[in-house]
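Letter by letter, the chains look like this.
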Amino acid sequence: MREGHLELRLEPVNVDALLADCAEEYRAAGEMAGMSIAVATDVTLPVVMTDRWLLRRVLNNLVVNAIRHSAAGRIDLEARLTSDPCDHLQILVRDSGRGISAEEQAGLFERSQRRHGAHRDDTGLGLIFCKMAMERMGGTIAIESARGTGAAFVIVLPSEASL
C-alpha cells in the first residue's frame, strides 16, 4: 500500500449495513470484555462508491482497538453526512475507554510510536494501516479524545464517493 501497489476494488457500499455487520461480528468479543456495541446512522445515508474490503478492515481494526483498550462500557459506530465545508460521509468509532492524551495523539498515526495498552504492548501498526488505507480511498482519519473521556476515531470519505 505504501508503494501505491494496492489496487482499489470500488463498488457501491451501504455503510449502514457495513457498520451493522461489523458490530455483529464483534458483539460477542465486546460483551466478554464488558462492552456493548451500538450502531447509529442518518436515515439519509447514500450508498458510497469505495473499497468495501479496505473500509471494513479499517473499521475492524478500530473496533478491536476499542475493545482492547477499554475496560468496560460502550462502543458506538456512527455514520452521518456532513456539510462543513462540503458534503462528506463521516464515520465515527467512539468508545468509553480511558481516552488518549494530547501527547499520545501527536504520534498516533506514525510508525515510530509504540503504545502501551491496558492489556499488552501495542505496536500501533494497525492505526498506521488505517491512515494509509483511508488516504488510498481519498479520505482521512483523525482522533478526538482527552485523557479520561474515551476516544472517537473519525473517518471522512469525500462527497464524490457518494452515488
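Definitions and cut-offs
- Residues numbered from 1 in each chain as written.
- Predicted model: local features only at pLDDT ≥ 70, side-chain atom pairs only at ≥ 80, totals over all residues.
- Heavy atoms only, no water.
- Helix = DSSP H or I, 4+ residues; strand = E, 2+ residues; numbered from the N terminus.
- Buried < 20%, exposed > 50% of the residue type's maximum accessible area, 1.4 Å probe, protein only.
- Contact = heavy atoms within 4.5 Å.
- Areas by Shrake-Rupley, 256 points an atom, 1.4 Å probe, with all protein chains shown as cover.
- pLDDT = per-residue confidence, 0-100.
- Expected span 1.5 Å × (residues − 1).
- Bend = angle between axes of the 7 residues up to and from the residue.
- Pairing = 2+ DSSP bridges.
- Axes fitted to C-alpha atoms, helices over the stretch in contact; angles between N-to-C directions.

(A) Geometry of the overall build of the protein. A tally of regular secondary structure across the protein gives 4 helices and 9 strands. Scanning the protein from its N terminus toward the C terminus, one meets helices and strands in the order β-α-β-β-α-β-β-α-β-β-α-β-β. Every one of the 163 residues in the protein was classed for burial, and the buried ones make up 45%. Pairs at least 24 apart in sequence give 71% of the contacts found in the protein among residues at least 6 apart. As presented, the protein carries roughly 8,500 Å² of accessible surface, and 52% of it is formed by carbon and sulfur atoms.

(B) Expanded view of the confidence of the model for the protein. When the pLDDT values of the protein are averaged, the result is 84; 83% of them are 70 or greater. No element of the protein has a lower mean pLDDT than strand 6 (residues 115-116), at 48, and none a higher one than helix 1 (residues 15-32), at 96. Throughout residues 113-120 the model reports pLDDT below 50, and contacts reaching past four residues in sequence, or to other chains, amount to 21 contacts.

(C) Here's a closer look at helix 1. Between its terminal C-alpha atoms helix 1 stretches 26 Å, which fits the 26 Å expected from 18 residues at 1.5 Å a residue. The sharpest bend along helix 1 reaches about 50 degrees and sits at Tyr 26. Among the residues of helix 1, those classed as buried are Val 15, Leu 18, Leu 19, Cys 22, Ala 23, Tyr 26 and Gly 30. Against strand 1 (10-13), strand 2 (35-41), strand 3 (48-51), helix 2 (52-68), strand 4 (73-82) and strand 5 (88-95) lie the buried residues of helix 1.

(D) Representation of the sheet that holds strand 4. Strand order in the open sheet formed by 5 strands is 2-4-5-9-8, and the pairing between neighbours is mixed. Edge positions in the sheet fall to strand 2 and strand 8 (140-145), since each of these pairs with one other strand and no more. Mean inter-strand twist for the sheet, computed between neighbouring axes without regard to direction, equals 15 degrees. The strands touched by helix 1 within the sheet are strand 2, strand 4 and strand 5, with strand 2 carrying the most contacts at an inclination of about 170 degrees.

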